[in-house]
Every structure is written in structure tokens, then in C-alpha cells.
Amino acid sequence: MSSRERDIRYIYDRVLRDARRILGAWPAEQKPISRLLREEKPLIRLVGGGTHLLDRGELEDMASRIPWFMHELVRLPIVIVYRRIAGSGVYRVEGDVWAARAVSVLLGGGYWEEKWELSYEEVSELIKRYKTLFFVTIRVEIQGLLEHEEL
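Residues numbered from 1 in each chain as written. Predicted model: local features only at pLDDT ≥ 70, side-chain atom pairs only at ≥ 80, totals over all residues. Heavy atoms only, no water.

## Re the nonpolar core
In globular proteins that are soluble, nonpolar side chains generally tend to be buried together. The test is simple: Residues grouped as a nonpolar core are buried Ala, Val, Leu, Ile, Met, Phe, Trp, Tyr and Cys residues, joined through side-chain atoms within 4.5 Å. Remark: exposure states derive from per-residue accessible area (1.4 Å probe, protein chains only) relative to the maximum for the residue type, with buried under 20%, exposed over 50%, and partly exposed in between. Strands here are runs of E lasting at least two residues and helices are runs of H or I lasting at least four, both read from the DSSP assignment and numbered beginning at the N terminus. Contact criterion: two residues are considered in contact whenever any of their non-hydrogen atoms come within 4.5 Å of each other.
Counting 31 residues, the largest nonpolar core has Ile33, Met62, Ile66, Leu76, Ile78, Leu118 and Phe134 as the members making the most contacts within it. Those elements that place two or more of their residues in this core are helix H2 (33-38), helix H3 (56-65), strand S5 (78-85), strand S6 (88-94), helix H4 (97-106), helix H5 (120-129) and strand S8 (134-138). With 5 residues, H4 is the single largest residue contributor to this core. With sequence-adjacent residues up to four places away left out, Met62 is seen in contact with Ile33, Leu76, Leu106, Tyr130, Leu133 and Phe134.

## Details of the confidence of the model for the chain
Stated formally: A residue's pLDDT is simply how confident the predictor is in it, with values from 0 to 100.
This prediction gives the chain a mean pLDDT of 88; 91% of its residues lie at or above 70. Overall, residues 145-151 carries pLDDT values under 50, and its contacts beyond four positions in sequence, including any with other chains, amount to 11 contacts.

## A closer look at the pairing of S5
To keep things clear, this is the line we draw: The rule for pairing is simple: two strands pair if DSSP sees at least two bridges between them.
Relative to S8, S5 is paired through 5 bridges, and the arrangement is parallel. Across the sheet, the residue bridging to Val79 is Phe135, located in S8. In the sheet, S5 pairs with S6 via 7 bridges, with the strands oriented antiparallel. When the bridges of S6 are listed, Arg84 appears paired with Gly89. Between S5 and the antiparallel strand that follows it, S6, lie 2 residues; Ala86 among them carries a positive phi value of about 50°.

## Digging into the pattern of salt bridges
So the rule is basically this: By definition here, a salt bridge exists when the distance from a side-chain nitrogen of Lys or Arg to a carboxyl oxygen of Asp or Glu is within 4 Å.
All chains considered together, the criterion is met by 7 salt bridges. The partner of Glu29 in a salt bridge is Arg45, and the shortest N-O contact between them spans 3.7 Å. Taken together, the residues Glu29 in the loop between helix H1 (3-24) and strand S1 (31-32) and Arg45 in strand S2 (residues 43-45) connect sequence positions 16 residues apart. Within this structure, Lys31, Arg35 and Glu39 form a network of salt bridges that share partners.

Below you can see the structure in the form of C-alpha cells.
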């Protein structure tokens, strides 16, 4: 194996290991607010096999700000993904329309509005108040490395 091939293999292995670590911290499940409120210890499973405990105070605060009829529809945690596109960063709500509507309500909008893209300030406001109810992560893109898989 040449020096160049070793370097490519090292980079590939490193990116793959980091990608697995990041993806392992993603939620494997999301639960409705109504169900989490009934649980003694509200928690969710992670892709990597661990669990994540949601803070009861944060959960009750969020439930008090979101209309009651959305409690069965909004699933937690809400995932926000950061992605760099054309030199600038974009935060985007991942998931269904109810996640985007919940974010709208929490940021002072109406429950009929869908808030998909967020500014840095909006993300900061959400995670400052709800540290355990939102997951903010990056988009892992490894497509370019897959062509070197045979090394």
C-alpha cells in the first residue's frame, strides 16, 4: 500500500469513526409529550444503545406553552441539524410538521405556522430553555469517501 493510500485509509477510517459516534448519539426514538409526562423518568433510547433523560421541569414548561391538543402530536426530542451550505450555516428542524409547529409556538409564533429554518439566535434561545428536549447536531456527509472503500 502506498503512502497516499495509507493517508486516504486513515482519513476514511477517522471520518467513519467520528460519523458513527455522532450518529450513535441521535435519538433512536421520539415520544409524544403526553406520554413523556406520564413517565416517572421521561427518557428516550439513543441509536448507540444508551438512553437520554429528559428534564421533568423543562418538559412541564414546554407542555404549558404548547396547546394541549398538540401534546399527542409533538414528539420529543426535537432534532435540529446544522449544515454548511455555500459558505454559510443553516439550522433546520428535522422531523414532521408538528415539530416545526412546536418550534414556531416556542419562538412566539402560532401553532399553524411551520418554522423549519432557524437562526443561530433562535437555536440558542431554544436550547437555553430546553437543554434536554432538543438535540442539535451536524449533518454527516461521507459520500465522497465511499469511493475509496476498496482501500
